[in-house]
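Residue-level structural notes
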Amino acid sequence: MTTDTHTQPIARPIAADTAASPGSAPKVSFVSLGCPKALVDSERIITRLRAEGYELARGHAGADLVIVNTCGFLDSAKAESLGAIGTALAENGKVIVTGCMGAEPENITAQYPGVLAITGPQQYESVLDAVHRAVPPRHDPFLDLVPPEGIKLTPRHYAYLKISEGCNNRCTFCIIPKLRGDLVSRPAGDVLREAEKLVKAGVKELLVISQDTSAYGIDIKYATSLFQDREVRAKFLDLSRELGTLGAWVRLHYVYPYPHVDDVIHLMADGTVLPYLDIPFQHAAPNVLKRMKRPASQEKQLERIQRWREICPDITLRSTFIVGFPGETDEDFEFLLNWLDEAQLDRVGCFKYEPVRGAPANDLGDAVPEEVKEQRWHRFMKHQQAISARRLKRKVGTRQQVIIDEVGPTVAKGRTKGDAPQIDGAVYVSSRRPMRVGEIATVKIERADAYDLHGSAVGF
Ligand code: SF4
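Here's a quick rundown of the structure.

Procedures and definitions
Residues numbered from 1 in each chain as written. Predicted model: local features only at pLDDT ≥ 70, side-chain atom pairs only at ≥ 80, totals over all residues. Heavy atoms only, no water. Helix = DSSP H or I, 4+ residues; strand = E, 2+ residues; numbered from the N terminus. Buried < 20%, exposed > 50% of the residue type's maximum accessible area, 1.4 Å probe, protein only. Contact = heavy atoms within 4.5 Å. Areas by Shrake-Rupley, 256 points an atom, 1.4 Å probe, with all protein chains shown as cover. Pairing = 2+ DSSP bridges. Axes fitted to C-alpha atoms, helices over the stretch in contact; angles between N-to-C directions. Polar contact = N/O pair within 3.5 Å; in protein donor to acceptor, adjacent residues only side chain to side chain. Phe/Tyr/Trp six-rings, centres within 6.5 Å; stacked < 30°, edge-to-face > 60°. Salt bridge = Lys/Arg side-chain N within 4 Å of Asp/Glu carboxyl O. Parallel < 35°, antiparallel > 145°, perpendicular 65-115°, else oblique. Left-handed = near helix turned anticlockwise from the far one by under 90°. Nonpolar A, V, L, I, M, F, W, Y, C, P; charged D, E, K, R; others polar.

Section: the overall build of the chain
When you go through the chain residue by residue, the secondary structure sums to 12 helices and 21 strands. Based on the C-alpha atoms only, the size of the chain along its principal axes is roughly 70 × 60 × 35 Å. Here the chain holds 460 residues, and the buried ones make up 50% of them. Residue pairs at least 24 apart in sequence account for 71% of intrachain contacts in the chain once pairs closer than 6 positions are excluded. Split by element, the accessible area of the chain, about 21900 Å² in all, is 53% carbon and sulfur.

Rendered as structure tokens:
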């Protein structure tokens, strides 16, 4: 174990400096190997375990479980990690492996098929989940005040499900990658277990969010992880399919028009996930998109949209756009309006470009004067409003499933499968019987105005 880099592996078996109190608190023995980054991972896992009432054991023999945080930096470090796993299995038998060697689990299972779970570096939630499955935390009257699905700030019937953090794209108007770093995807098993808990707690609609949902799993090479005794790949398509089995509406936000998105449209057509796609196109003029450095901007977007509608005619497409991007010409703007005519999007938001400090776009072209931005924004909104209203009108006379968000004395307010909470329109529903928040009713749509629908409940 010799190296002169800053990732120098260091072996730190963690002794129990927390005295184990008498009683039934489950005890975990922890071995931390590797560099300071791995040590920080160990600290985080131990902090979470202690907060949940687990105690650290003084040795493997007296513990309910052993966690080995491995190092895979050098062959000698790998050998040491494998040795530590072998010792833990011999002395205890229940072993969870995490850390750098967990990125190549087959190297561990080839030698030790009996380990309970293997997770990669920084996968704290996976480690915690594996511990919970092997040795559940003891009942704690204070901690148990927190429901299993956690504290939610959304109404009980819908919840946001974050599948990754950060972003690998470098859109020139955005500083999110600077603030949050590159893409870090959550293991599919973690996401699905969270979704499952939410559904068990009464959530009827899961809103999948991230910075770039279609890029999910790229950073972890679409690694598989365990969910309900089966391996699930951390891939947009696989995750969407699995989420669709949980019995809730699944709505996908922040998807980019990559070719592989077509596969998910089939899941929309067969009802696995909602026929709804939130795609932030931001512009249509090729030279603006190029200067924006938008992901998938080379794809033939109009053809893609047409193909999606062929696969799933009921799909609702929502998007956002920026007008007044530095250097945007009158021609670029006219191109955008014409593109909207072709695309016939259902729901659209529009923002005037704001020069966020630190965004490279600020230096990419002449700033568009505020009054021009203002004019373009009004023209854009008016133009799209007519398209959206026409598309909404097509729903008049149809029957739609509507999830109820609010109930009033005479009319309830809800949303169709084509409306996300907070950002899209609403359906105002009259009903012969009182409706409940979170219930899904069949509603006959009787009329439409610019943004919303009105109808009567005809089935519950
Ligand atoms: S995709 Fe672009 S706009 Fe979205 S977070 Fe990433 S860099 Fe920012």
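Let's talk about the sheet that holds strand β18 (residues 411–415)
An order of β17-β18-β19-β21-β20 is seen for the five strands of this closed barrel, with the pairing classed as mixed. Within this sheet the neighbouring strands show an average axis-to-axis angle of 55°, counted without direction.

Some points on the environment of S210
With respect to the secondary-structure elements, S210 resides in the loop between β10 (205–209) and β11 (224–227). Under the relative-accessibility criterion, S210 is labelled buried at 8%. Between the alpha carbons of S210 and R379 there is a distance of 30 Å; along the sequence they are 169 residues apart. S210 has contacts with I163, S164 and Y254, leaving out every residue within four places of it along the chain. Looking at S210, its side chain comes within polar contact range of the main-chain nitrogen of D212, at 3.2 Å. Side chain to side chain, S210 and T213 meet in a polar contact 2.8 Å long.

Brief notes about the side chain of R186
The residue R186 is located in the loop between β9 (184–185) and α6 (188–200) in this model. Within the structure, R186 has its side chain in polar contact with the side chain of E125 (distance 2.8 Å). Of the polar contacts made by the side chain of R186, one reaches the side chain of E194; its length is 2.7 Å. In this structure, R186 is in contact with E125, K162, I163, S164, V191, E194, Y216 and I220, ignoring residues within four places of it in sequence.

A few points about the packing of aromatic side chains
Tallying each qualifying case throughout the model produces six aromatic pairs. Geometrically, the ring pair formed by F281 and F321 is stacked, given 6.4 Å between the ring centres and 25° between the ring planes. A residue pair is termed long-range when its members are at least 10 positions apart, and F281 in the loop between β14 (276–278) and α9 (286–292) and F321 in strand β15 (residues 316–323) qualify at 40 residues. When its relative accessible area of 3% is taken as the criterion, F281 is described as buried. For F321, a relative accessible area of 0% puts it in the buried group.

Structural notes on the pattern of salt bridges
Considering all chains together, one arrives at 24 salt bridges under this definition. Among the salt bridges present, the one from D182 reaches R170, with a minimum N-O distance of 2.5 Å. Note that D182 is positioned in the loop between α5 (176–180) and β9 and R170 in the loop between β8 (164–165) and α5, a separation of 12 residues in sequence. In this structure, the salt-bridge partner of D346 is R391, at a minimum N-O distance of 2.7 Å. Taken together, the residues D346 in the loop between α11 (330–343) and β16 (347–352) and R391 in helix α12 (residues 370–393) connect sequence positions 45 residues apart. Across this residue pair, the class does not change: D346 and R391 are buried.

Regarding the packing of helix α7 (residues 236–243) against helix α8 (residues 261–269)
The packing of two helices is summarised by the inter-axis angle and the distance between the axes. For the pair α7 and α8, interaxial distance at closest approach is 9 Å and the crossing angle is 15°. If you check the angle between α7 and α8, you find them roughly parallel. For the crossing formed where α7 meets α8, the hand is right-handed. Across the interface between the two elements, F236, L237, S240 and R241 from α7 touch V261, D263, V264 and L267 from α8. Looking at side-chain class alone, the contact of α7 with α8 contains five nonpolar, one polar and two charged residues.

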